[in-house]
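# Tertiary structure, described
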Amino acid sequence: MQRREFLQRSGATMLGLWLGMGCGSETAVAPSIPGSGLPWEALARLLQGPLLLPGAPDFSRIVAPWNLRYIDQKPAGVARCQSVADVQACLAWAQSNGVPLVARSGGHSYAGFSLTPGLMIDVSPMNQIGTVGPDGLARVGGGARNANVYAALRAPSVSLTHGRCKQVGVGGLVLGGGIGFNMRLHGLTCDGLVETEMVTADGRVLTCNAQQNSDLFWACRGAGGGNFGIHTSFTFQTFPVTQLTIYQLKWRTRLRQVLGSLNQVLATVPREMGCKVSLVASPDGSLEVQLLGQLLGTPTQLDSLLAPVYAVAAPDSSQVEVRAYWDAQEFLSEEGDPGYSHERSHFVFGQLSETALDTVVDFMLRWPGTSVSADWKFFLMGGAVADIASDATAYVHRQASMVSSVELEWSAQDSPKTIATNQAWLTEFHTAMRSLTSGTSYQNFIDADEPDFLRAYYGDNLERLVSVKAQIDPNNVFHYAQSIPVRL
Ligand SMILES: Cc1cc2nc3c(=O)[nH]c(=O)nc-3n(C[C@H](O)[C@H](O)[C@H](O)COP(=O)(O)OP(=O)(O)OC[C@H]3O[C@@H](n4cnc5c(N)ncnc54)[C@H](O)[C@@H]3O)c2cc1C
């Protein structure tokens, strides 16, 4: 390839400006770039995919995190990896130049943990999904998103436990466990993982499955995001899908009673039912309970399961439909557009107490208000998730009945004072719920403010995780504010 063509394809034309090979408006920003002076061109030469530096077209869009709280944190460069060799080249270059690095897939880390002042190793171009054969195995590229899964698994009429938000990366999802409406019947996303390929800090390409590198395979199923290496593919055992009953029900009256009834009814529903319950506050001061989910069953069966709740209050709005599986997911899914957000979670063991429900309603009634919304919610867990022992994979929260969380959203319109007041409310709410639920939190709802986060995310599996980390990444190349350390 000619040098000119290479530079254009790699996006390195802009890079040339900073290395003194050209002139233009971008030269004005060069001194403030943390990475100026580094041998970027040497890296660009090694890569099949483009290397982008600040000022390159699309740089800001590509590096932007989902959570706009962290939008001002920019890497010095982003490598848009297209192959395992690209990932290896990035790891070698960053370490030999003392540049911090991070893996990026869907960019949906709640706490912006796929950002770095150094090199962002973006595997999102590696999003191909192989044809599903008669064995039902699907090989998913390390940078695929839920949207790619939706597109690839529709025709063969199979699925895995995926999330609702199309732009979330499968990488982040599966490495932290992965909850979704299929989990009660088929397990977490990580329970369907049969093999993963990853590149370690020292550049080795490892296949991890039940037989090979089994310790690492154990660790990746619940604690893998950004901790041990960069995953370049995931192989899942899919399951066949048929039609489902999907539902979205809303109540605007008798909210406390409806919540109490849902709490009781959902404790005994069959594993064919997957759902999320939310108490949603809007800027206009309104509050409503929502039930969203799917049932592998009929609308009549749904009615009969929910009859005790209907007896408390008829829903103010009700949408119940029977759809083919992937059409049903279009109803249940959302894009997951970027926004300003802070979400904090606690797992619940057993049913929520009456005091816990009173506390939820009390705090939601006292929401100070932003221009967007706040909600408290829980995803119903149990079923197949709990069939697996808590130490069989790194995902430790097997016996939880729910994962509950408080989510606060705001926009650029909200003043710093409004945001501070709302954050104080969130802290008070989350703290009050700890003694009413548990001290454990979902690692995929990663929370920069969670005290004792390692224990909250990994519980009794933490010591084994630290030992795997010490073996695979002794120099702690993969580290961020809440990563697994090489020693406790
Ligand atoms: C709108 C929205 C909806 C969500 N819905 C769900 C849901 O339904 N179920 C659920 O369980 N969770 C859900 N989550 C949480 C989500 O699973 C986590 O935020 C997840 O970490 C996002 O993964 P990502 O690849 O998009 O993010 P990224 O920010 O790219 O990565 C997250 C972490 O994983 C690491 N990482 C990413 N890719 C790789 C890789 N290939 N190899 C090694 N490390 C990697 C990153 O370094 C970072 O530490 C949701 C989050 C959002 C924002």
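Residues numbered from 1 in each chain as written. Predicted model: local features only at pLDDT ≥ 70, side-chain atom pairs only at ≥ 80, totals over all residues. Heavy atoms only, no water.

## With respect to the overall build of the protein chain
Heads up, the rule is: A helix here means a DSSP run of H or I that spans at least four residues, while a strand means a run of E at least two residues long, and both kinds are numbered starting from the N terminus. To get the radius of gyration, use the C-alpha atoms; to get the globule rule, take the number of residues to the power 0.38 and multiply by 2.2 Å. Note on exposure labels: buried denotes an accessible area under 20% of the residue type's maximum, exposed denotes more than 50%, and partly exposed covers the range between, all computed with a 1.4 Å probe on protein chains only. Contacts: residue pairs with any heavy atoms within 4.5 Å of one another. For accessible areas, the Shrake-Rupley method is used with a probe of radius 1.4 Å. Any residue's cover is judged against the shown protein chains and nothing else. Residues counted as positive are Lys and Arg, residues counted as negative are Asp and Glu, and His and the chain ends are not counted. A charge is said to be at NZ when it belongs to Lys, at CZ for Arg, at CG for Asp and at CD for Glu.
Per the secondary structure count, the protein chain includes 16 helices and 17 strands. For 488 residues, the compact-globule estimate of 2.2 N^0.38 gives 23 Å, and the C-alpha radius of gyration of the protein chain, at 23 Å, lies within 12% of that figure. Within the protein chain, the proportion of its 488 residues that are buried is 57%. Considering only contacts within the protein chain whose residues lie at least 6 apart along the sequence, 73% involve residues at least 24 apart. Here the protein chain has roughly 18,900 Å² of accessible surface; of this, 52% comes from carbon and sulfur atoms. Positive and negative side-chain charges in the protein chain, numbering 34 and 42 respectively, have mean positions lying 3 Å apart.

## Things to note about the sheet that holds strand β7 (residues 193–199)
What counts is decided by this rule: A pair of strands is treated as paired once DSSP finds two or more bridges between them. For helices, the axis comes from a line fit to the C-alpha atoms of the stretch in contact; other axes are also lines fit to C-alpha atoms, and the angle between any two N-to-C directions lies between 0 and 180 degrees.
On the basis of which strands lie adjacent, the open sheet formed by 4 strands has the order β5-β9-β7-β8 and antiparallel pairing. In the strand order of this sheet, the two ends are held by β5 (137–141) and β8 (205–208), each with one partner. Direction aside, neighbouring strands of the sheet carry axes that sit 15° apart on average. Sheet analysis places β7 next to strand β9 (residues 230–237), joined by 6 bridges and oriented antiparallel. If you follow L193 over to β9, its bridge partner there is F236. Across the sheet, helix α9 (residues 214–223) lies against β7, β8 and β9, angled at about 100° from β7, the strand it touches most.

## Section: helix α10 (residues 255–265)
Most of α10 sits inside the fold, with 9 of its 11 residues counted as buried. For α10, the full list of buried residues reads L255, R256, V258, L259, G260, S261, L262, N263 and V265.

## Describing the domain arrangement of the protein chain
Put simply, the rule is: Either an automatic procedure or a domain database provided the assignment from which the domain bounds are taken. Here the buried area means the combined drop in accessible surface, using a 1.4 Å probe, for two parts upon being joined, counting both sides. Any carboxyl oxygen of Asp or Glu that lies within 4 Å of a side-chain nitrogen of Lys or Arg is treated as forming a salt bridge with it. Any pair of nitrogen or oxygen atoms within 3.5 Å is treated as a polar contact; in protein, a donor-acceptor pairing is required on top of that, and neighbouring residues in sequence qualify only through side-chain atoms on both sides.
According to the domain assignment, the protein chain consists of domain 1 (3–122), domain 2 (137–240 + 459–472) and domain 3 (243–451). On the domain 2 side, the residues contacting the 10 residues of domain 1 number 16 residues. Counting each side, the surface lost to burial between domain 1 and domain 2 is near 990 Å², with a carbon and sulfur contribution of 69%. Summed over the three residues of domain 1 that lose the most area to domain 2, namely V84, S105 and H108, the buried surface amounts to 42% of that side. Along the contact surface separating domain 1 from domain 2 lie 0 salt bridges. Here domain 1 is connected to domain 2 by 3 residue pairs in polar contact (both at pLDDT 80 or more). Here the side of domain 1 that touches domain 2 gets 5 residues from one element, more than from any other, and that element is helix α5 (residues 84–96).

## Looking at the site of the ligand
As a reminder of what qualifies: Nearness is defined per residue: one heavy atom within 4 Å of the molecule or strand is enough. As a working rule, the residues Ala, Val, Leu, Ile, Met, Phe, Trp, Tyr, Cys and Pro are called nonpolar, Asp, Glu, Lys and Arg charged, and the rest polar, with Gly in that last group.
What surrounds the ligand is a group of 32 residues, the closest being A103, S105, G107, S114 and Y442. The backbone of G169 places a nitrogen or oxygen atom 2.8 Å from an oxygen atom of the ligand. Between the ligand and the protein, one listed contact pairs an oxygen atom with a side-chain N or O atom of N444 at 3.3 Å. Here the ligand has 950 Å² of accessible area as a free molecule, and 94% of this is covered by the chains. For the shell around the ligand, the secondary-structure elements that each account for two or more residues are β3 (101–104), α7 (170–175) and β9. Among the residues forming the shell around the ligand, the class breakdown is 14 nonpolar, 16 polar and 2 charged.

## Things to note about the nonpolar core
Our working rule: Throughout this description, the term nonpolar core refers to a set of buried Ala, Val, Leu, Ile, Met, Phe, Trp, Tyr and Cys residues connected via side-chain atoms within 4.5 Å.
Residues I179, F228, M381 and L465 are the most contacted members of the largest nonpolar core, which totals 76 residues. Residue contributions to this core peak at 6 residues, all from α9. Excluding residues within four positions of it along the chain, M381 makes contact with I179, M183, R184, L188, F347, Y395, A400, S401, M402 and V403.

## Some points on the sheet that holds strand β11 (residues 243–251)
Strand order across the open sheet formed by 7 strands is β14-β11-β13-β12-β16-β17-β15, with antiparallel pairing between neighbours. Each end of this open sheet is capped by a strand with a single partner; those strands are β14 (317–324) and β15 (340–348). Here the strands of the sheet are splayed against their neighbours by 15° on average, with no regard to which way each runs. Pairing analysis gives 8 bridges linking strand β16 (residues 373–380) to strand β17 (residues 402–410), with the strands arranged antiparallel. If you follow S373 over to β17, its bridge partner there is E409.

## Section: the packing of aromatic side chains
The geometry of an aromatic ring pair is captured by two quantities: the separation of the ring centres and the angle between the planes. Our working rule: Stacked, tilted and edge-to-face are the three classes applied to pairs of Phe, Tyr and Trp rings, where Trp contributes its six-membered ring and a pair requires centres within 6.5 Å; stacked means planes under 30 degrees apart, edge-to-face means over 60, and tilted covers the rest.
Under the counting rule described, the total for this entry stands at 18 aromatic pairs. Pairing Y150 with W326 gives two aromatic rings, centres 5.1 Å apart and planes at 55°, and the pair type is tilted. Here Y150 is found in helix α6 (residues 146–154), whereas its partner W326 is found in helix α12 (residues 325–332), with 176 residues between them in sequence. In terms of burial, Y150 and W326 fall into one category: buried. On the basis of an interplanar angle of 40° and a centroid distance of 6.3 Å, the ring pair of F453 and Y457 is categorised as tilted. Here F453 and its partner Y457 are both found in helix α15 (residues 453–458), 4 residues apart, which amounts to about one turn of the helix. Clustering of aromatic rings is evident, with ring pairs tying together W66, Y110, F347, F379, Y395, Y442 and F445.

## Let's talk about the pairing of β16
With 8 of its 8 residues buried, β16 lies for the most part within the structure. Examined bridge by bridge, strand β12 (residues 273–281) and β16 share 6 bridges and lie antiparallel to one another. Its bridge partner being in β16, L279 is matched across the sheet by W376.

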